[in-house]
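So you can see what is in the structure, the chains are spelled out below.
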Amino acid sequence: MAAMLRRMGRKLAWMLFVFWGITIISFWVIHLAPGSPTDMQTTMNPLAGAETRKRLEALYGLDKPLHVQYVQWLGRLARLDFGNSMSSDPRPVWDKIKERLPLTVGMNVASLVLTLLCAIPIGVASAHWQGRLFDRAMTVLVFMGFAMPGFWLALLLMLLFGIHLQWLPLSGLTSLDHAAMSPMGKAWDIMAHLAMPIFIYTFGSLAGLSRFMRASMLEVLRQDYILTARAKGLPVRTVIFRHALRNALLPVITILGLSLPGLIGGSVIIESIFGLPGLGQLFYQAVMARDYPLIMGNLVLGAVLTLVGNLLADLCYGLADPRIRLTGGAGSDGAGNGDGGNA
């Protein structure tokens, strides 16, 4: 436990340094894009001249050198203040993020749970029945998932279930008569609106995760201790689920830890297609409006999710493999991942 705590302490210190580097690069890159918030607010207004633009730049602090703007932004961030939006809706950035966060996180968490419930059994079964009909059928299915773009699948589902069959609504989060429904009816209405987006998230993630699970399981099943367990006459169920599955999960843990940033970035296209008021749509609107504080707020949230996911992957390694927990050995940072789980 002491070794693992020391390792977590070093990991946290490194995470702070990486986070600082991410904020510097992000702040610099977004200011390289052509246009500015003042351009977006004054270009289409014939009454707004150069003087108006200068006043807006002074109001937003854009008239100062870039390094001064960064230091001021970093000082606000240290107080957990993301600043105010530079768009026509000048509310605090955190208020805008907070009102859209539950929808995006809820959809992605539901998709992640469904993906795990489907991908792990499919990967284990494909490895156990390698080369048989089930394995070949799942291979075709997952390659379809790899090759099929999410936006194209979304349009196909909308055409089938929304227009031809009219089973599911096409867009939005609620129906027009949502307020007049019973509590059960409101819940069913929201689930009907989210059914197609969650299916698209799940189908896209299922392909990659099941392949990783299959490859990891095949590698573990070839290890000497598995051959010894089979030679002793242990039941197949015991060999697979008690001895092999635990070590085979280590690479999957890495994938899950690094999938947390997709809560924001992966939602942009799907939320735009289905008209869902989530973080992905908010981030897209902020980029189009050159809303620097809102863009940085979303990027900071993505960076935090990435680093937290990496840290959680390290902790889960210790839970899945006692050798890592006892010795503080290799985790999610290097090539020792596979060796730590499969040696």
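Residues numbered from 1 in each chain as written. Predicted model: local features only at pLDDT ≥ 70, side-chain atom pairs only at ≥ 80, totals over all residues. Heavy atoms only, no water.

The criterion, for reference: UniProt positions are given in the numbering used here, feature names are shortened, and annotations may be inferred rather than shown by experiment.
Going by an unreviewed UniProt entry, the protein chain carries the name ABC transporter permease and comes from Nitratidesulfovibrio oxamicus. Recorded in UniProt under Subcellular location (unreviewed entry), the annotation for the protein chain is "Cell membrane". What UniProt records for the protein chain under Sequence similarities (unreviewed entry) is the sentence "Belongs to the binding-protein-dependent transport system permease family."

### Regarding the side chain of Asp 189
Applied cut-off: Secondary structure elements are taken from DSSP: a helix is a run of H or I of four residues or more, a strand is a run of E of two residues or more, and numbering for both begins at the N terminus. Each residue's exposure class comes from its accessible area (1.4 Å probe, protein chains only) as a fraction of the maximum for that residue type: buried when under 20%, exposed when over 50%, partly exposed otherwise. Here the positive residues are Lys and Arg and the negative ones are Asp and Glu; neither His nor the chain ends is included. Whenever a carboxyl oxygen of Asp or Glu lies within 4 Å of a side-chain nitrogen of Lys or Arg, that contact is scored as a salt bridge. Whenever two N or O atoms come within 3.5 Å, that pair is a polar contact, provided that in protein one can donate a hydrogen and the other can accept it, and provided that, for residues adjacent in sequence, both atoms are side-chain atoms. Working rule for contacts: check all heavy atoms of both residues, and any pair within 4.5 Å makes them a contact.
Looking at the element boundaries, Asp 189 is found in helix 8 (residues 183-221). There is no salt bridge for the buried Asp 189, and the closest opposite charge comes from Lys 186, which lies 9.4 Å off by N-O distance. One polar contact links Asp 189 to Ser 175, side chain to side chain, over a distance of 2.6 Å. If we ignore the near neighbours within four places in the chain, the residues touching Asp 189 are Leu 173, Thr 174, Ser 175, His 178 and Met 181.

### What to know about the side chain of His 193
By secondary structure assignment, the location of His 193 is in helix 8. Within the structure, the side chain of His 193 is placed 2.8 Å from the backbone oxygen of Asp 189, a separation counted as a polar contact. Apart from the residues lying within four places of it in its own chain, the contact partners of His 193 are Pro 169, Ser 171, Gly 172, Leu 173, Thr 174 and Ser 175.

### As for unusual backbone geometry
The backbone of Leu 80 sits at a positive phi, close to 60°, despite the residue not being glycine. Inspection of the secondary structure puts Leu 80 in the loop between helix 4 (66-78) and helix 5 (93-128). The backbone phi angle of Arg 290 is positive, close to 55°, even though this residue is not glycine. Assignment of secondary structure puts Arg 290 in the loop between helix 13 (279-288) and helix 14 (292-320). The class of Arg 290 is buried, set by a relative accessible area of 17%.

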